[in-house]
Amino acid sequence: MEKKEITLQIDRHTVRVPEGTMILEAARQVGINIPTLCHINLEGTCIKSTPASCRICVVEVEGRKNLAPACATRCTDGMVVKTSTLRVMNARKVIAELILSDHPNDCLTCPKSGNCELQALALRFNVREMPYSGGELSLRKKEVTSSIVRNMDKCIFCRRCESVCNDVQTVGALGAVRRGFNTTIAPAFDKKMSESECTYCGQCVAVCPVGALTERDHTNRLLEDLENPDKVVLVQTAPAVRVALGESFGMEPGSIVTGKMVSALRELGFDYVFDTDFAADLTIMEEGAEVLDRLSRFLDGDKSVALPILTSCCPAWVNFFEHYFPDMLNIPSTARSPQQMFGSIAKSYWAEKMKIPREKLVVVSIMPCLAKKYECDREEFKVDGNPDVDYSISTRELATLIKRANIDFASLPDSDFDMPLGASTGAGVIFGTTGGVMEAALRSVYEIYTGKTLEKIDFESVRGMEGFRKASVDLGGFELKVGIAHGLGNARKLLEEIRQQRCEYHVIEIMACPGGCIGGGGQPLHHGHSNVLRARAEALYREDSGKEIRKSHENPYIQQLYEEYLGKPLSEKAHHLLHTHYFNKSL
Amino acid sequence: MKILTVQDLERIRKTAKEVLALREESNRHVEAQTCGLATGCPHLQVLICGGTGCKASSSAKIAENFKKEIAKQQIGEKIDIVTTGCFGFCEKGPIVKIIPDNTFYIHVTPEDVPEIVQEHLIGGRKLERLLYQDPVSGQHVSDSKHMDFYRKQMRIALRNCGFIDPENIHEYIARDGYQALADCLMKYGREEVIDKIKQSGLRGRGGGGFPTGLKWEFTAKQEADQKYVVCNADEGDPGAFMDRSIMEGDPHSVIEAMAICGYAVGANKGLVYIRAEYPLAIQRLRVAIQQATEMGMLGPCILGSDFGFEIEIRYGAGAFVCGEETALIHSMEGKRGEPTLKPPFPAESGYMGKPTNVNNVETLANVPVILTKGPEWFASIGTEKSKGTKVFALAGKINNVGLIEVPMGTTLREVIYEIGGGIKNGKKFKAVQTGGPSGGCLTEKHLDTPIDFDNLLAAGSMMGSGGMIVMDEDDCMVSVARFYLDFTVEESCGKCTPCRIGNKRLLETLNKITEGKGTEKDLQQLAVLGRQIKDTALCGLGQTSPNPVLSTLDNFYDEYLEHVRDHTCRAKQCKALLTYTINPEVCIGCTLCARNCPADAITGFPRKPHIILPEKCIKCGMCMARCKFHAISVC
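Not measured: the values here are computed from a predicted model. In this numbering scheme, every chain counts its residues from 1 along its sequence in written order. Whichever chain is written first is A, and whichever ligand is written first is 1; the rest continue in order. Reporting of local features is limited, given that this is a predicted model, to residues whose pLDDT is at least 70; pairs of side-chain atoms are given and counted only at 80 or more, and all residues count toward the totals for whole chains, interfaces and linings.

(A) Just the overall build of chain A, in detail. If you tally the helices and strands in chain A, you get 18 helices and 22 strands. A compact globule built from 587 residues would reach a C-alpha radius of gyration of about 25 Å, and chain A, at 25 Å, matches this within 12%. The principal-axis extent of the C-alpha atoms belonging to chain A is close to 75 × 60 × 50 Å. Here the contact rule is simple: place C-beta atoms from the backbone, and any two residues whose C-beta atoms are within 7 Å are in contact. The contacts in chain A between residues at least 6 apart in sequence include a share of 74% that link residues at least 24 apart. In this description a helix means any DSSP run of H or I spanning at least four residues, a strand means any run of E spanning at least two, and both kinds are numbered starting from the N terminus. This radius of gyration counts C-alpha atoms alone. The globule rule is 2.2 Å times how many residues there are, raised to the power 0.38.

So this is what it looks like as structure tokens:
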């Protein structure tokens, strides 16, 4: 049914909107940008939180006694709204001053400075003094985990993180604890995040408007390693980084900066600049072989085979099912994430080839992700205590490093990755967006299973931003049913279906972050603009279509790796180096 | 026996009325004579208050002693011992009332029981020492109908409290209980019931004063497979206990009203949200729900109709904010008890996302009687826009502390001076705080204001749930404001900025002022911030929380000014502003004060006048209390 249109007056504008529209959106239609703080609505994704609690967006509504929050007040027919009267402006300023009165106000040293929404509001409201300062500050905890740093003194209680963690991701690691002035956001009973169900997906960090939730910073450690003459430092860069890094240098969202990024990494002093996309292609070889193995056993009537097979390249997703679905650890693919496959190959095949001892090597990853930091620390990815990937730094940290190193990013020339671990196909590139792993897998699985060449490489049916998508592909008579979910809440629904044996799919791709890695917790902040995510995804598909080779199994260096070292997918050596096992982490 | 039809109900009522006849009769007439078995009275009843207050003063032991004593005297056949709900005159508890002569004994102890049995129940002689003494005339008053405390009261919501045994459904039925529900099911359509409530003019007694009929209508209009009726029994105002008393003294009136509401709005499930700190009310409700279910007044197909209704009790942990209906619903759902923005109203999307009608206990208690006596009768009581009566918990510096119910439109003066018996110890009236922590302080000039929802709001306070705390000249108004704000800061859920941080900053400023560190600029800031909080907070709690500050600033600005400018507190409540001095002309140098000073702040030679060192003095008052020569004064 078409929604009824209503007319209202906002300042000097007459606005027509469908019934149910909030004042905030109606005002935006006529170019009135009402300030917000707690509100977030990443349209097209499931990230939405409008607790109407910060009260920054208050407006005057004629006939109403008190001010109304524009974010959560529905427009009504004939409503008269004033968004910038003295009463409104004073109220907003007082609210901002109150928030600042319980804030450390250490902008100069805050990791969020320049990117902080509270700082921006203080500037916008012309806050020039702190009339309410000098009182008690709420005492809240600090915590440094392997991925996320919580500095809850800075928390302004917007509850975006709580909403994302509970409603979107259904992880339930963060919630409001205690009440009144001492309310804080924390795991239940104010326990540590590291002792909670947290998956380190980092979506809380991605939506935090202030410096309360930030990434664990490894840039200083990296700078020391780069200066150390005894170390050979190599870097791998995830697919989603190249389409987002430019934003940190004022470029349009969706700008592809692969070549500049490689140059910048060389400028920073890395000895070798490689590409995680290479490992993505390798993942397809292993995961694809696993799909084909399980499928052919299934088609041969083997009832014990676990289907659907779920992708396992997202470490937050791995944490999620280890916490919540420990009874189903046999379902996901055993393939390691591309980050870990890369580390493992770099410190074995490549190191042997280059005759560099393992302990001299430092493998660094540049990731859009915070869970990858945690993944580096997992014991099963270490050899005699030496990790396959030494540490991971986020896209945001890389941008900071580039700025610190006096590199004029925009004017850098393009350059290419080093070989062989810098060689990749279009299939590897699209790993960075939801649906990308599935599409890459389909390209290879189809050709290997049917023995035919694909006529159309693009599987558009698996693309898009819908929380859950499905498609079926004709593998020469056999209809392969695939599903794609992004956001852990969508994943949970699927897993529950699988648990109840109501799931009809053969293969399912899951990424923890809404949008996939392009929307990862380590990316430049989207500040609630979902077009940023869409632009990044489109850029990845552009990068893919510009590639000469677009199927993983056609990557000549991957072929060489199997010939020289691994034998074939799922071989014993491949199992040892490229596969893993899962743990029951339920609390 | 199960009540299956209206005829069954009438039969039971007839028998029950006979049991209650003695009490009803004594309620109507004033018995001059004292009745006793020896003076020819064949049957007596002893009503013992079983409310929380009297129970705390051993009323259960009193009842036990009565039972023992009459058994000992072998007069058990002729004497009924009935534990009732609260009589309201809590100041004088424990209260024991003898029927049929209606003798009202106060401050009864378990040890008094043998004497009452011997003298009164058997001998027919009143025990003068346990009678109420009129504070003005000094006369003993035996029948509560003659006491000023009761004379101006009109008990509608409290009609059965202190009269029936709350754990006996028959006594409720005898008082026309469940007749309203029967009428609704047999005679009235759903809309008709709602119309009657609308016509009666009943407004929500929980604080908001929203028209009850309209609220019912909103819920009734929603289409849903499931609707709920919720009784808000999360009474949280400090000092208020009207809802508790109703549930303890007349739980069936709440149950009946919930069923009626369920019928009117189309809900078959009721939930009572009650704080776990009310164990007695919970127990009485439980008993009542069980009895009503056993008798067939709850459950499927009530009185043979196709309407069924059941009630469940849900416990709250005692958070003040959970009295706000959206917070209450979240709490019942097992979520954090904090409010969300309305709309959507609970009537649209409430408990479990279903249309939910939330009414307060006192509101509900009015419903059955409105239907049995007619909406016109109810609408004839009260003022133009506030109909019926209101229960208040009268407390503070007043002679008669207790629970009272007066028609809307009664003035504050009548309540304080007639019902309340004036200010304690002959002190001067200073202010009355109504509406609980969100209310405001009213002064002398408001005393003749007729109490109703709109007048109190216009005067800068509010009805709230009916807390009424009277203050005298010894009360410091800055401290009073600070006390209430301390409560709201403690009870804020912390969700919205103005309430979470704003109220905290208000409280800090008030603390500063009472500590003598305030400035005139602080007073301005209090007013500005207070108004901003009212204008921007999310829920009713936040929007009203600065009221105690703003109303005292309005009405007692001079007192604030004295605190910040002269650093004095006229009520001598703000310790930091006090100065203790020793009058050298009176002091004989006995050294007692110096020896007792915990801070070594008094020096002097023996037999010479002593002095207090202000920089060391912690203003504990010990010296003044110890001085035998009244040589120490404070100002």
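(B) Molecular detail of the overall build of chain B. Regarding its fold elements, chain B presents 25 helices and 19 strands. Its C-alpha atoms give chain B a radius of gyration of 27 Å, near enough to 26 Å, the size a compact globule of 635 residues would have. Each principal axis of the C-alpha atoms in chain B carries an extent, and together these give about 90 × 65 × 40 Å. Exposure in this text rests on C-beta crowding, where 20 or more other C-beta atoms within 10 Å of a residue's own make it buried, 12 or fewer make it exposed, and counts in between make it partly exposed. The C-beta atoms are placed from the backbone. Sorting the 635 residues of chain B into buried and exposed places 56% on the buried side. For chain B, the proportion of contacts with a sequence separation of at least 24, taken over those separated by at least 6, is 72%.

(C) Local environment of helix α23 (residues 557-566) of chain B. All names here are of chain B. Within α23, the full set of buried residues consists of E559, Y560 and H563. For α23, the buried positions fall inside an angular range of 105° around the axis, keeping them on one side. Residues of α23 that are exposed and angled more than 90 degrees away from the buried face: D558, R565 and D566. Those residues of α23 hidden inside the fold are in contact with α18 (477-491), α19 (497-514), α20 (520-536) and α22 (547-555). Downstream of α23 by one or two residues, H567 has phi in the positive range, about 55°. By definition, the arc is the one covered by directions from the helix axis to the C-beta atoms.

(D) Quick look at the interface of chain A and chain B. Contacts between the two partners involve 28 residues from chain A, matched on the other side by 26 residues from chain B. Of all the elements, helix α2 (residues 86-101) of chain A adds the most residues to the side of chain A that touches chain B, at six residues.

(E) Seen up close, the domain arrangement of chain A. All names here are of chain A. Segmentation of the chain into domains, including their bounds, is taken from an automatic or database domain assignment. Each assigned domain of chain A is listed with its residue range as follows: domain 1 (5-124) and domain 2 (279-337 + 423-578). Opposite the nine residues of domain 1 that make contact, domain 2 presents nine residues. Polar here means any residue other than Ala, Val, Leu, Ile, Met, Phe, Trp, Tyr, Cys and Pro, which are nonpolar, and Asp, Glu, Lys and Arg, which are charged; Gly is therefore polar. Split into classes, the residues belonging to the side of domain 1 that touches domain 2 amount to four nonpolar, four polar and one charged.

(F) Structural view of the nonpolar core. When buried Ala, Val, Leu, Ile, Met, Phe, Trp, Tyr and Cys residues are joined through C-beta atoms within 7 Å, the set is termed a nonpolar core. Counting residues in hydrophobic clusters, the biggest one holds 357 residues, and the most contacted among them are V59(A), A70(A), W317(A), V254(B), M258(B) and I260(B). Among the elements that line this core, the one with the most residues is helix α11 (residues 251-265) of chain B, at ten residues. Non-local contacts of V59(A), meaning those with residues more than four positions away in its chain, are made with I23(A), I34(A), L67(A), A68(A), A70(A), V81(A), K82(A), T83(A) and V88(A). I582(B), C593(B), C627(B) and A631(B) belong to the second-largest nonpolar core, a separate cluster that totals twelve residues.

(G) Main features of the pairing of strand β15 (residues 467-472) of chain B. Residues and elements named next belong to chain B. Counting buried positions along β15 gives five out of six residues, so the element sits mostly inside the fold. Summarising the sheet, strand β11 (residues 389-396) and β15 pair through four bridges and their orientation is parallel. In the strand pairing of β15, A395 is matched with I469. Between any two strands, pairing holds if DSSP finds at least two bridges.

(H) Spotlight on the packing of α11(B) against helix α12 (residues 279-295) of chain B. Residues and elements named next belong to chain B. Where helices are involved, their axes are fitted lines through C-alpha atoms of the stretch in contact, as for all axes, and angles between N-to-C directions lie from 0 to 180°. Following both chains from N to C, one finds α11 and α12 inclined at 55°, their axes separated by 9 Å at the closest point. Classified by the angle between their axes, α11 and α12 sit oblique to one another. The handedness of the crossing between α11 and α12 is right-handed. Only R284, L285, A288, I289 and A292 of α12 make contact with α11, whose side of the interface consists of P251, H252 and I255. When its residues are assigned to classes, the contact of α11 with α12 shows six nonpolar, one polar and one charged. For classification purposes, an angle smaller than 35 degrees is called roughly parallel, one larger than 145 roughly antiparallel, one from 65 to 115 roughly perpendicular, and anything else oblique. The handedness criterion is simple: a crossing whose near helix is rotated anticlockwise from the far helix by less than a right angle is left-handed, and one whose near helix is rotated clockwise is right-handed.

(I) Up close: the environment of K126(B). Residue and element names in this part refer to chain B. Examined against the element boundaries, K126 turns out to sit in the loop between α4 (113-122) and β5 (132-133). Sequence-wise, K126 and S58 are 68 residues apart; in three dimensions their C-alpha atoms are separated by 22 Å. Those residues within four positions of K126 in sequence are excluded, and the remaining contacts are T34, T103, H120, L131 and S142.

(J) Representation of the domain arrangement of chain B in the model. All names here are of chain B. By domain assignment, chain B separates into domain 1 (15-151), domain 2 (176-379), domain 3 (389-472), domain 4 (477-566) and domain 5 (578-634). Spacing between the C-alpha centres of domain 3 and domain 4 amounts to 22 Å. Each partner contributes to the interface: domain 3 provides twelve residues, whereas domain 4 provides 14 residues. Among the secondary structure elements, those contributing two or more residues to the side of domain 3 that touches domain 4 are β13 (429-434) and β14 (440-443). It is β14 that provides the largest number of residues to the side of domain 3 that touches domain 4, a total of three residues. When grouped by side-chain class, the residues that make up the side of domain 3 that touches domain 4 number five nonpolar, seven polar and no charged.

(K) Region of the structure containing the confidence of the model for chain B. Scored between 0 and 100, pLDDT is the confidence that the predictor attaches to each residue. Per-residue pLDDT for chain B has a mean of 93; in total, 100% of the residues score no lower than 70. Both scores are available for the predicted complex, with the pTM at 0.92 and the ipTM at 0.92.

(L) Just unusual backbone geometry, in detail. All names here are of chain B. Of note, the bond from G93 into P94 is cis; its omega dihedral lies within 30 degrees of zero at -10°. Relative to the assigned elements, P94 resides in the loop between β2 (79-84) and β3 (96-99). Looking along the chain, the bond that leaves P343 and enters P344 is cis, with omega of 0°. Within the fold, P344 resides in the loop between α13 (325-332) and β10 (356-360). Phi at D176 is positive, roughly 65°, even though this residue is not glycine. With respect to the helices and strands, the residue D176 is situated in the loop between α6 (169-174) and α7 (179-186). The class for D176 is partly exposed, based on 16 C-beta atoms found within 10 Å.

(M) Structural detail: the pairing of strand β13 (residues 232-237) of chain A. All names here are of chain A. Most of β13 sits out of view: five of its six residues are buried. Relative to strand β14 (residues 272-275), β13 is paired through four bridges, and the arrangement is parallel. Paired with Q236 across the bridge in β14 is F274. By convention a crossover is right-handed if, when the strands point away from the viewer, the path from the first strand over the helix to the second runs clockwise. In this view, the connection linking β13 to its parallel neighbour β14 by way of helix α7 (residues 258-268) has right-handed handedness.

(N) The arrangement of helix α12 (residues 395-404) of chain A in detail. All names here are of chain A. In terms of residue burial, α12 counts as a mostly covered element, since seven of its ten residues are buried. By the burial criterion, the buried members of α12 are T395, R396, E397, L398, A399, L401 and I402. As for α12, its buried residues are in contact with β12 (213-215), α6 (219-227), α7, β16 (361-367) and β19 (391-394).

(O) Fine view of the sheet that holds strand β8 (residues 142-144) of chain A. Residue and element names in this part refer to chain A. Strands sit in the order β8-β9-β12 across an open sheet of three strands; the sheet is antiparallel. Taken across any chain shown, the strands that pair with only one partner, and hence form the sheet edges, are β8 and β12. Strand after strand, the sheet turns through a mean of 20° between neighbouring axes, direction not considered. Pairing geometry for strand β9 (residues 148-151) and β12, over three bridges, is antiparallel. Its bridge partner being in β12, V149 is matched across the sheet by T214.

(P) Up close: the environment of E312(B). With respect to the helices and strands, E312(B) occurs in strand β9 (residues 310-316). Between the alpha carbons of E312(B) and V272(B) there is a distance of 6.3 Å; along the sequence they are 40 residues apart.

(Q) Up close: the sheet that holds β15(B). Residue and element names in this part refer to chain B. Read from one edge to the other, the open sheet built from five strands follows the order β12-β11-β15-β13-β14, with strand pairing classed as mixed. Each edge of the open sheet is held by one strand with a lone partner, namely β12 (402-407) and β14. In this sheet, neighbouring strand axes are inclined to one another by 30° on average, regardless of whether the strands run parallel or antiparallel.

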